[in-house]
Amino acid sequence: MDSELFPRERAQVAPGAVHVPDWADPAHQRELLRACREWARPPAGLRTVRTPGGGAMTARQVCLGWHWYPYAYARTVSDGDGTPVKPFPAWLGELGRRAVADALGVEQAAGAAYDIALINFYDGDARMGMHRDADEKSDAPVVSLSLGDTCVFRFGNPRTRARPYTDVELRSGDLFVFGGPSRLAYHGVPRVLPGTAPAGLGLTGRLNITLRVSGFPAAT
């Protein structure tokens, strides 16, 4: 925010993991929010994700391109209404490559064919436990964009859910990219800060848009 005494600066949180504050300006955030609201509508809309043990994730989710469920991908919402997953738009892939280029350099973005989006919605009580994005065949960087309420994003290491980890404050419009030696690092969201979304955005809660490259064969 321009009103801050010390503007936030981009930071390398771990090797291959970079936080870029205010990457998406307010107009871009509003465009992304409009898209998320369309994607969240049924069929294949926003759902509660249930783990194999019968528990439920507190963050709700909608998928594009490939449907993720614990712990695999499918072309239909196999753990929901059974309908085909919504398509992954080309412009979102271009956004992913631009984000990687800005955060890690153009070499890391070259040839990254983003084809998965996981959009998670967090209300004030939602959390996300420490986990790795390890169900893809590609090792291309993961792109994370935040909209709405600020959260505490805990970014760890590839070996254990425990320390060492770093807590990063992600605000609306912030970009976080992780690849290379941090591609399989454990990460999670221990806390959301309700009521911190920009007033002009029109969102209560937090949306996280995560882009990944599947590495799976193209659908025929």
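Residues numbered from 1 in each chain as written. Predicted model: local features only at pLDDT ≥ 70, side-chain atom pairs only at ≥ 80, totals over all residues. Heavy atoms only, no water.

Asks: Please set out the nonpolar core residue by residue, giving values where relevant.
Replies: In terms of nonpolar packing, the biggest core is built from 35 residues, with I119 and L175 touching the most fellow members. For this core, the secondary structure elements donating two or more residues are β2 (17-20), α1 (26-39), β3 (60-64), α2 (90-104), β6 (116-122), β8 (142-148), β11 (175-178) and β13 (206-212). Discounting chain neighbours no more than four positions away, the residues touching I119 are C36, W39, R60, Q61, V62, L64, L207, N208 and I209. A126, F155, V189 and F216 belong to the second-largest nonpolar core, a separate cluster that totals 28 residues. (Core = buried A, V, L, I, M, F, W, Y, C linked by side-chain atoms within 4.5 Å. Buried < 20%, exposed > 50% of the residue type's maximum accessible area, 1.4 Å probe, protein only. Helix = DSSP H or I, 4+ residues; strand = E, 2+ residues; numbered from the N terminus. Contact = heavy atoms within 4.5 Å.)

Asks: Please set out the packing of aromatic side chains residue by residue, giving values where relevant.
Replies: In this description, a pair of aromatic rings is defined by centroid distance and the angle of the planes. Scanning all chains against the criterion turns up nine aromatic pairs. Centre to centre, the rings of W68 and Y71 are 6.0 Å apart; their planes meet at 70°, and the pair counts as edge-to-face. For Y71, a relative accessible area of 56% puts it in the exposed group. Members of the aromatic cluster, each reached through a chain of ring pairs, are F153, F155, F176 and F178. (Phe/Tyr/Trp six-rings, centres within 6.5 Å; stacked < 30°, edge-to-face > 60°.)

Asks: Tell me about the sheet that holds strand β7 (residues 128-131), residues and numbers included.
Replies: Strand order in the open sheet formed by four strands is β7-β12-β9-β10, with antiparallel pairing between adjacent strands. One side of each edge strand has no neighbouring strand; the edge strands of this open sheet are β7 and β10 (166-170). Put simply, the sheet's adjacent strands are angled 25° from each other on average, direction ignored. One ladder, built from five bridges, connects strand β9 (residues 150-155) with β10; its direction is antiparallel. Within the sheet, the bridge partner assigned to F155 lies in β10 and is T166. (Pairing = 2+ DSSP bridges. Axes fitted to C-alpha atoms, helices over the stretch in contact; angles between N-to-C directions.)

Asks: Please provide a residue-by-residue account of the packing of α1 against α2, values included.
Replies: Relative to each other, α1 and α2 sit at 135°, their axes nearing to 13 Å. In terms of orientation, α1 and α2 fall into the oblique class. With respect to the hand of their crossing, α1 and α2 are arranged in left-handed fashion. Taken together, the residues of α2 that come into contact with α1 (itself represented by H28, L32, A35 and W39) are W91, L92, L95 and R98. The residue makeup of the contact of α1 with α2, split by class, is six nonpolar, one polar and one charged. (Parallel < 35°, antiparallel > 145°, perpendicular 65-115°, else oblique. Left-handed = near helix turned anticlockwise from the far one by under 90°. Nonpolar A, V, L, I, M, F, W, Y, C, P; charged D, E, K, R; others polar.)

Asks: An account of the sheet that holds β13 is requested, with residue identities and associated values reported.
Replies: Taken in spatial order, the seven strands line up as β1-β2-β11-β8-β13-β6-β3 in an open sheet, and their pairing is antiparallel. The sheet terminates laterally at β1 (11-14) and β3, the two strands that pair on one side only. Sheet twist, expressed as the mean angle between neighbouring strand axes with direction ignored, is 20°. Examined bridge by bridge, β6 and β13 share seven bridges and lie antiparallel to one another. Within β13, the residue paired with F121 across the bridge is L207. Sitting on the sheet, α1 touches β3, β6, β8 and β13, and the angle it makes with β8 is about 95°.

Asks: So what's going on with the pairing of strand β12 (residues 187-193)? Which residues, and what values?
Replies: Relative to β12, β7 runs antiparallel, the two sharing two bridges. Of the residues in β12, the one forming a bridge with H131 is H187. Where β9 meets β12, five bridges bridge the pair, whose relative direction is antiparallel. Following the sheet pairing, V152 is matched in β12 by R191.

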